[in-house]
Amino acid sequence: MPDQSGYWDRGAGKTFTHPLNADFLAALRTGDRLLDYGCGYGRSLAQLADLGFGNSVGVDFSGEMIARGRREHPRLELRHITQAVVDEPDASFDAAMMLAVLTCIIGDDQQEAVLREIRRLLRPGGVLFISDMPLQDDDRNRARYAAGVVRGPYGTFDTGDGGTVRHHSDDRMQSWLNGFEPISSRRVDLTTMHGNPATGIQFVARRLMSS
């Protein structure tokens, strides 16, 4: 998996805005063990803890993000990882979330490696929440996609400050839910980490008992 941890280390002071999802919250139970894969500085886990869901683990590839999270949210369990695999047994979490994570992973194979790990870690019947970036339809982003095809699949582009990210087709995002029963999906208005308006999409799904 291409290592962009240095980019995110340099951007550890940025603010992220993907919101929690009401359908995800409604599916949680008090005491559920939660995994935030790509937790950044722990913003969303801190919000969940404030709502009474404090049995959680956050993991991220950026050591600086984790360091910031530990300073700002010392009550949270935040771990720095260097590979897709998390040091936890199979089916050890009741719920998992990935907020703006797959947009940071360019290749289909690399995304699938992360999703396999999520399926391994999430118990049958457990709940998955994904919030990510679909293809945008404005001229600015279309131009960036056209310029980025040499770096990866359509929707890939350079951020302008040293990173590479990907926006996804609807078909690609639906493929993320293989092995899950959809609960809901919705589009949300976002502000990107560079301050631009954007549209996100959020999925809530339940891991199939037989997958």
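The preceding data block contains the structure.
Note that residues are indexed from 1 along each chain, following the sequence as it is written. Two thresholds apply to this predicted model, a pLDDT of at least 70 for residue-level local features and 80 or more for giving and counting side-chain atom pairs, whereas whole-chain, interface and lining totals are computed over all residues. Side-chain figures throughout are based on the complete set of non-hydrogen atoms in the structure, without hydrogens or water.

### A look at the overall build of the protein chain
Then, in step 1: Helix and strand counts for the protein chain stand at seven helices and nine strands.
Then, in step 2: Both definitions apply: the radius of gyration is a C-alpha atom measure, and the globule rule equals 2.2 Å times residues to the power 0.38. Taken against the 2.2 N^0.38 rule, which gives 17 Å for 211 residues, the C-alpha radius of gyration of the protein chain at 16 Å falls within 12% of a compact globule.
Then, in step 3: When its C-alpha atoms are laid out on the principal axes, the protein chain stretches across 45 × 40 × 30 Å.
Then, in step 4: Across the 211 residues that make up the protein chain, the buried fraction comes to 52%.
Then, in step 5: Residue pairs at least 24 apart in sequence account for 69% of intrachain contacts in the protein chain once pairs closer than 6 positions are excluded.
Then, in step 6: Note on charges: Lys and Arg go in the positive column, Asp and Glu in the negative column, and His and the chain ends are not counted at all. Charge placement uses NZ in Lys and CZ in Arg. For Asp and Glu, CG and CD serve respectively. Where the 24 positive side-chain charges of the protein chain centre and where its 28 negative ones centre are 1 Å apart. Going along the chain from the N terminus, every DSSP run of H or I of four or more residues is numbered as a helix, and every run of E of two or more is numbered as a strand. Relative accessible area decides the class of each residue, using a 1.4 Å probe on protein chains only: under 20% of the type maximum gives buried, over 50% gives exposed, and in between gives partly exposed. Every residue pair with non-hydrogen atoms within 4.5 Å of one another is taken to be in contact.

### Here we look at the pairing of strand 2 (residues 56–60)
Then, in step 1: Of all five residues in strand 2, five are buried, a share of seventy percent or more.
Then, in step 2: Here strand 2 shows a buried face lined by S56, G58 and D60 and a second buried face lined by V57 and V59.
Then, in step 3: Here four bridges tie strand 1 (residues 34–37) to strand 2, and the two strands are oriented parallel to one another. Within strand 2, the position partnered with L35 by the bridge is V57.
Then, in step 4: We call a crossover right-handed when, viewed with the strands running away from us, the connection from the first strand over the helix to the second turns clockwise. For the segment spanning strand 1, helix 3 (residues 43–50) and strand 2, crossover handedness is right-handed.
Then, in step 5: Following DSSP output, two strands are said to pair if at least two bridges run between them. Pairing analysis gives three bridges linking strand 2 to strand 3 (residues 78–80), with the strands arranged parallel. Bridging from a neighbouring strand, G58 pairs with L78 of strand 3.
Then, in step 6: Following the backbone out of strand 2, through helix 4 (residues 63–72) and into the adjacent parallel strand 3, one traces a crossover that is right-handed.

### Remarks on the pattern of salt bridges
Then, in step 1: When a carboxyl oxygen of Asp or Glu lies within 4 Å of a side-chain nitrogen of Lys or Arg, that pair is called a salt bridge. Under the criterion given, the structure shown has 16 salt bridges.
Then, in step 2: Where R68 meets E72, a salt bridge forms, and the shortest distance between an N and an O atom there is 2.8 Å. Of the two residues, R68 and E72 are both situated in helix 4; the distance of four residues between them amounts to about one turn of the helix.
Then, in step 3: Given the relative accessible area of 42%, E72 is considered partly exposed.
Then, in step 4: Between E88 and R79 there is a salt bridge, with its nearest N and O atoms 2.8 Å apart.
Then, in step 5: Judged by its relative accessible area of 13%, E88 falls in the buried class.

So yeah, pure geometry; function would need other evidence.
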